[in-house]
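# Topology and contacts: notes
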Amino acid sequence: MKRLKFIFIMFFVFISTAVFSANVGREINSKCRQNLKLLNAGTEKLIKSTSCNLPKWCTYKQAIKDFLYPDKYLENKTIVGPTPDCEYYMVSNDKGEYDWLCYLHGVLEGDKTMSFRYHEHQLQGKTTSKFMANEEYKKHVQSMLHWTEYTPTPKEFFIYHYNMNPIVTTVLSVFIVLLSVYLIKSFFNL
Ligand SMILES: [Zn+2]
């Protein structure tokens, strides 16, 4: 009977974990990639319909003001990044290659992928060697590398683990608190 109870509790824990867990980092990556897709598709449309020369480096704000008109090329959408650090830029080279990038996530398709902690989230970004001759692009890659050295605060660490696995994180946290109380009590002979 006891064993049955134990199996039932374990089953409940696993189901709850699956229901409540949320990989917020993956959702953020996906939203940002959707934005990059839209910007790249819009630029492709622009190139097909006009013979404009793309700038070597350009912010999203400049682009929608000067040539990538949202009503014509971006399905009337305003691009909003899923994090405050998701800022969009366009880069192009002498060969006529271009790409949109997010300052935090990098390009949509690159030759290097990096995984890094962004506050309480685990994110993924991509860089490409195609544009390394561009000084602005190089600066952006440095900024991405900088994020790989980020150390989350204890609060961000807890939120990340809670989002990924709420039940286990809660149980472990309660256990750690109880253990600390027990150790302090025995140390001071309370
Ligand atoms: Zn982004």
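Quick note: structure is the one above.
Structure report, in brief. Model, not experiment: these values are computed from the prediction. (Residues numbered from 1 in each chain as written. Predicted model: local features only at pLDDT ≥ 70, side-chain atom pairs only at ≥ 80, totals over all residues.)

Before going further, it helps to examine the overall build of the protein chain. Broken down by element type, the protein chain carries seven helices and six strands. When the helices and strands of the protein chain are read in sequence order from the N terminus, they spell out α-α-β-α-α-β-β-β-β-β-α-α-α. Looking at the protein chain as a whole, 21% of its 190 residues are labelled buried. A separation threshold of at least 6 residues defines the contact pool for the protein chain, and within that pool the share at least 24 residues apart is 61%. (Helix = DSSP H or I, 4+ residues; strand = E, 2+ residues; numbered from the N terminus. Buried ≥ 20, exposed ≤ 12 C-beta atoms within 10 Å, placed from the backbone. Contact = placed C-beta atoms within 7 Å.)

Time to look at unusual backbone geometry. If you check the backbone angles, Glu 75 has positive phi at about 50° while not being a glycine. Positionally, Glu 75 belongs in the loop between α4 (70–73) and β2 (88–92). Glu 75 sits in the exposed class, given 11 other C-beta atoms within 10 Å. In this structure, His 119 is a non-glycine residue whose phi angle is positive, near 50°. Here His 119 is to be found in the loop between β5 (112–118) and β6 (121–127). The exposure class assigned to His 119 is partly exposed, which follows from the 15 C-beta atoms found within 10 Å.

In this structure, Trp 100 and Cys 102 are the most contacted members of the largest nonpolar core, which totals 25 residues. Counting residues per element, the ones that place at least two in this core are α2 (24–49), β2, β3 (98–102) and α5 (135–147). Sort the elements by how many residues they give to this core and α2 lands first, with four residues. If we ignore the near neighbours within four places in the chain, the residues touching Cys 102 are Cys 32, Leu 36, Gly 81, Cys 86, Glu 87 and Tyr 88. (Core = buried A, V, L, I, M, F, W, Y, C linked by C-beta atoms within 7 Å.)

All right, on to helix α7 (residues 166–187) then. With 22 residues, α7 should cover 32 Å at 1.5 Å per step; its first-to-last C-alpha distance of 31 Å lies within 8% of that length. A positive phi of about 55° marks Asn 189, the residue just after α7. (Expected span 1.5 Å × (residues − 1).)

Another point: the pairing of β6. The side-chain alternation of β6 yields one buried face, formed by His 121, Leu 123, Gly 125 and Thr 127, and one unburied face, formed by Gln 122, Gln 124 and Lys 126. The sheet contact formed by β5 and β6 spans seven bridges and is antiparallel. Considered in β6, the bridge of Ser 115 is made with Gln 124. (Pairing = 2+ DSSP bridges.)

Residue placement: Thr 128 occurs in the loop between β6 and α5. Overall, the presence of 19 C-beta atoms within 10 Å leaves Thr 128 in the partly exposed class. C-alpha separation for the pair Thr 128 and Lys 112, spaced 16 residues apart in sequence, amounts to 6.4 Å. Beyond its immediate stretch of four places on either side in the chain, Thr 128 contacts Asp 99, Val 107, Gly 110 and Asp 111.

In this structure, Gln 124 sits in strand β6. Judged by local crowding, Gln 124 falls into the partly exposed class, with 17 C-beta atoms found within 10 Å. Note: C-alpha distance between Gln 124 and Leu 104 (20 residues apart in sequence) is 9.0 Å.

So, on to α2. With 26 residues, α2 should reach 38 Å at 1.5 Å per residue; the first-to-last C-alpha distance of 38 Å fits that figure. Turning to α2, its buried residues are Gly 25, Ile 28, Asn 29, Cys 32, Asn 35, Leu 36, Leu 39, Gly 42 and Thr 43.

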